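Overview (structure and organization)
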Amino acid sequence: MSSQLENPSIDFGSQTKIITFDCYGTLVDWYEVLTREAAMILDAHDASDASAESIVEGFSIHSKRLTADKPHRLFKDILRIGFRDAFGEFGIDANRDELDRMARAPANMKPHREVPEALRRLKTQYKLAIFTNSDDDLIAPTVERIGVPFDYVITAEQARSYKPSRGIFEYAYRQMGVAPEETVHVAMGMYTDMKACHELGLRAIWVNRRNEDGNPDWQPYTEVRDLRGAADLLMA
């Protein structure tokens, strides 16, 4: 993992009023839950030519296309269609119940171990917001399970726009009544979040939980391993 000091010119404390977060993956166990659910479906179909990881990666690819389509689809429908296509690439015909289970999976996601404590620290100094590519009813139980109150929860359903589109960010700033430069965005998503932050000129912290390679075309962002690292930077 590259050093946090790669971008020493980023001043996270100056002007900052609200810390905004991606939710899935950044705050809760997105990949872990989806991989477990996909593995159960593969076992039910006795499929040996595909791995659960490849199914989730296939969904990620399909979701980029589906979230860019117009008119706007609910995220639960994107989950159904994206996983239908991801399983289909391996010749697996997932049935309606199985796809519904994938669509409901985000509601069962739990926070990563360090997340509640890190959020409680940040809440002593900042307001907190979630910007999520999700639906209102799908994200509600997940936010409740995190256990730390957020001042704002902005969904793609409300904005009628998915990250990395600037639409959801611009909608969020209007709802919160702040300028973009009064925020710092914290996220695990390189394509969905760091790309948008680069294009919008936002201060950003990339939570690299999976030890992945970043994209230098979407800098500047500062890289940390988990939310504790992000809180350390922001509370400094």
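As the structure is a computational prediction, the values presented were derived from the model and not from experiment.

To continue, consider the packing of helix H1 (residues 30–44) against helix H4 (residues 96–104). Angle between the axes and distance between the axes: these two values describe a pair of packed helices. Between H1 and H4, the shortest axis-to-axis distance is 10 Å and the interhelical angle comes to 170°. The angle between H1 and H4 falls in the class roughly antiparallel. Residues Leu34, Glu37, Ala38, Met40, Ile41 and Ala44 of H1 touch H4, and the partners they reach there are Glu98, Arg101 and Met102. Among the residues making up the contact of H1 with H4, the classes are represented as six nonpolar, no polar and three charged.

Inspection of the secondary structure assignment puts Asn133 in the loop between strand S2 (127–132) and helix H6 (136–146). Polar side-chain contacts of Asn133 include one of 2.8 Å to the backbone nitrogen of Lys163. Dropping the residues within four chain positions of it, Asn133 is found in contact with Tyr24, Phe75, Ala156, Tyr162, Lys163, Ile168 and Thr192.

Glancing now at the sheet that holds strand S1 (residues 18–21). Spatial strand order, S3-S2-S1-S4-S5-S6: six strands in an open sheet with parallel pairing. The strands lining the two open edges of the sheet, one partner per strand, are strand S3 (152–155) and strand S6 (222–224). The mean angle between the axes of side-by-side strands here comes to 20°, regardless of whether they run parallel or antiparallel. As paired elements, S1 and strand S4 (residues 183–187) share four bridges and run parallel to each other. Looking across to S4, one finds that Ile19 is bridged to Val184.

Another aspect to go through is helix H3 (residues 75–88). Taking 1.5 Å per residue as the helical rise, H3 with its 14 residues ought to reach 20 Å, and the 19 Å between its terminal C-alpha atoms agrees with that figure. Those residues of H3 not exposed but buried are Phe75, Lys76, Ile78, Leu79, Gly82, Phe83, Asp85, Ala86 and Phe87. Those residues of H3 that are buried are in contact with H1, helix H2 (52–68), H4 and H6.

A few words on the nonpolar core. Counting 80 residues, the largest nonpolar core has Phe21, Phe83 and Leu227 as its most contacted members. Apart from the residues within four sequence positions on either side, Phe83 is in contact with Leu34, Ile55, Val56, Phe59, Ile78, Leu99 and Met102.

Bringing the packing of aromatic side chains into the picture now. A full pass over the atoms with the stated rule returns twelve aromatic pairs. Ring geometry for Tyr24 versus Trp30: centroids 4.9 Å apart, planes at 20°, classification stacked. Judged by relative accessible area, which is 9%, Tyr24 ranks as buried. A residue is classified by how much of its surface remains accessible, and Trp30, at 8% relative accessible area, is buried. Each member of the aromatic cluster is reached from another via a ring pair, and the members are Tyr24, Trp30, Phe59, Phe75, Phe83, Phe87 and Tyr162. Residue placement shows Arg210 over the ring face of Tyr31; its charged tip is 3.9 Å from the ring centre.

A few words on the packing of H3 against H4. For the pair H3 and H4, the least separation of the axes is 8 Å and the interaxial angle reads 130°. Judged by the inter-axis angle, H3 sits oblique to H4. The handedness of the crossing between H3 and H4 comes out as right-handed. Of the residues in H4, those in contact with Lys76, Leu79, Arg80, Phe83 and Arg84 of H3 are Leu99, Asp100, Met102 and Ala103.

Parameters and conventions
- Residues numbered from 1 in each chain as written.
- Predicted model: local features only at pLDDT ≥ 70, side-chain atom pairs only at ≥ 80, totals over all residues.
- Heavy atoms only, no water.
- Axes fitted to C-alpha atoms, helices over the stretch in contact; angles between N-to-C directions.
- Helix = DSSP H or I, 4+ residues; strand = E, 2+ residues; numbered from the N terminus.
- Parallel < 35°, antiparallel > 145°, perpendicular 65-115°, else oblique.
- Contact = heavy atoms within 4.5 Å.
- Nonpolar A, V, L, I, M, F, W, Y, C, P; charged D, E, K, R; others polar.
- Polar contact = N/O pair within 3.5 Å; in protein donor to acceptor, adjacent residues only side chain to side chain.
- Pairing = 2+ DSSP bridges.
- Expected span 1.5 Å × (residues − 1).
- Buried < 20%, exposed > 50% of the residue type's maximum accessible area, 1.4 Å probe, protein only.
- Core = buried A, V, L, I, M, F, W, Y, C linked by side-chain atoms within 4.5 Å.
- Phe/Tyr/Trp six-rings, centres within 6.5 Å; stacked < 30°, edge-to-face > 60°.
- Lys NZ or Arg CZ within 6 Å of the ring centre and 35° of its normal.
- Left-handed = near helix turned anticlockwise from the far one by under 90°.

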